[in-house]
Amino acid sequence: MNEPHVLLIRLAGPLQSWGLSGRFARRDTHTRPTKSGVIGLCAAALGLPRVEPLGELAEVLFGVRADRPGTPLRDYHTVGGGTFPLRPRDLLTDHQRAAKTATLSAPVGSEPGPFGREALEAWYGSPKYVTADPTSGALFSGQVRRHALITERWYLADATFLVGLQHPDVKLLERISHALEHPKHLLWLGRKACPPSGDLALGIVPGTLMEAFETHSLLPEEPIYDNDPPAPVTGARPWAWIESPHPLPGIGPLADQPVQFDSDGAVHSLRWETRHRITIASHAREWDIIL
C-alpha cells in the first residue's frame with residue numbers, strides 16, 4: 001500500500017471569502033477555507049468541466065492550518081439603485097419604454113447623440129425577468145426594481161492559511177501542484193473579488209496532514225531578504241482542522257464535501273474533521289517562497 005503524501009498549498013491575499021450557507025442578500029464567509037472551495041480552486045486550475053465528476057480530486061483528505069486567521073470584514077453592498085443610461089439592449093427588452101423614448105426630441109439647435117447615450121431624467125433601472133409578450137412576441141421586462149437592494153458581503157482580511165491535501169497517489173498531487181502554478185482558468189480565494197497572492201503550491205511531503213503541519217514553520221508575513229533573520233516560531237501554536245476518513249461520534253459533520261460543481265447548482269455531501277492545536281517542532285522547515 002502506498003504511503004500517504006501531502007501537497008501543501010498557501011492561501012493568502014488581501015481578501016478571502018469561503019461561504020458555507022450564504023445567499024444573495026447575505027454572503028457569509030467561514031473562518032477558514034472550506035474543502036469545497038479549495039477543491040473548486042484545484043478543479044479550475046486543472047481545467048475540469050463543471051459537469052465532469054471530481055473523481056480522485058474529491059477523495060483527498062483535507063486539512064487547513066490557520067497561520068493568520070485574519071479579520072472579518074463586512075462590505076456594505078447595494079445592487080440596482082441610481083440612474084442608468086439607455087442602451088440598445090435595454091430598448092429591446094422593454095418595448096413600452098422604447099416606444100416612449102423614440103418620441104423624445106433633441107433640444108433645438110443640438111445634434112442627436114450616439115444611439116444608447118440618451119438618459120432619462122427620472123430613475124431608470126435595468127430590466128429584470130425578461131419574457132415575451134404573448135400577442136406581439138416582443139421582449140419586455142416582467143419587473144423593474146425601483147429601489148436599491150442592500151446586501152452584505154463578508155470577507156477575511158489579511159489572512160494566511162496553510163492547506164494540506166493528503167493522498168497516497170503522488171502523481172495526482174503532482175498534477176494538482178503543477179496546475180496551481182500553471183492554471184487553465186483564473187483562480188480566486190472563494191470569490192472573484194479575492195485573487196491569491198504569491199506562490200500557491202509549496203511542494204509535496206511524505207506523511208500525514210498532522211505531521212506536515214507540525215514540521216513546517218508559520219508562513220512568513222512579509223518578504224525575507226538576505227540580511228534579515230527568519231521569523232521566529234518559538235511558542236507558535238496555531239489551530240488546525242484535519243479531515244477524518246470516517247464519521248466521528250459526537251462530532252457534527254460539515255456539508256462541504258464536493259461531489260460536483262454543476263452550473264445549475266453544486267452538489268455536496270457530509271464529511272468530518274477534528275480541531276487541533278499544532279505545536280510547531282523546533283526543527284520545522286523554513287520557507288523560501290514568493291509572497
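Residues numbered from 1 in each chain as written. Predicted model: local features only at pLDDT ≥ 70, side-chain atom pairs only at ≥ 80, totals over all residues. Heavy atoms only, no water.

Turning to the nonpolar core, a few remarks are in order. Most often, soluble globular proteins have nonpolar side chains that are buried together. I9, L11, L165 and L180 are the most contacted members of the largest nonpolar core, which has 36 residues in total. Broken down by secondary-structure element, the contributors of at least two residues to this core are β1 (5–16), α1 (35–46), β3 (61–68), β7 (149–167) and α4 (170–181). No other element matches α1, which puts seven residues into this core. Among all residues touching L180, those that are not within four sequence positions of it are I9, L41, C42, A45, L187, L200 and A201. With 18 residues, the next largest nonpolar core counts A212, L219, I280 and W287 among its residues. (Core = buried A, V, L, I, M, F, W, Y, C linked by side-chain atoms within 4.5 Å. Buried < 20%, exposed > 50% of the residue type's maximum accessible area, 1.4 Å probe, protein only. Helix = DSSP H or I, 4+ residues; strand = E, 2+ residues; numbered from the N terminus. Contact = heavy atoms within 4.5 Å.)

The element β1 is extensively covered by neighbouring structure, given that 10 of its 12 residues are classed as buried. The pairing of β1 with β7 spans 11 bridges and is antiparallel. Across the sheet, Q16 pairs through a bridge with L156, a residue of β7. By the bridge criterion, four bridges tie β1 to strand β8 (residues 201–206) in an arrangement that is antiparallel. Bridge pairing in β8 places I9 opposite A201. (Pairing = 2+ DSSP bridges.)

So, on to α4. For α4, built from 12 residues, the straight-helix expectation of 16 Å at 1.5 Å per residue is met to within 8% by its first-to-last C-alpha distance of 17 Å. For α4, the set of buried residues is L172, L173, I176, S177, A179 and L180. Viewed along the axis of α4, the buried residues span an arc of 165°, placing them on a single side of the element. Every exposed residue of α4 that faces more than 90 degrees away from the buried side is listed here: K171 and H178. Those residues of α4 that are buried are in contact with β1, α1, β7 and β8. The residue sitting at the N-terminus of α4 and contributing the capping side-chain oxygen is D169; that oxygen lies 3.0 Å from the backbone nitrogen of K171. (Expected span 1.5 Å × (residues − 1). Arc of directions from axis to C-beta. Polar contact = N/O pair within 3.5 Å; in protein donor to acceptor, adjacent residues only side chain to side chain.)

Attention shifts here to the environment of M210. Looking at the element boundaries, M210 is found in helix α5 (residues 209–214). The class of M210 is partly exposed, set by a relative accessible area of 23%. Separated by 68 residues in sequence, M210 and I278 place their C-alpha atoms 8.1 Å apart. If near-sequence neighbours (up to four positions away) are discounted, M210 is found in contact with I242, H276 and I278.

Functional significance is not addressed by these values, which are geometric in nature.
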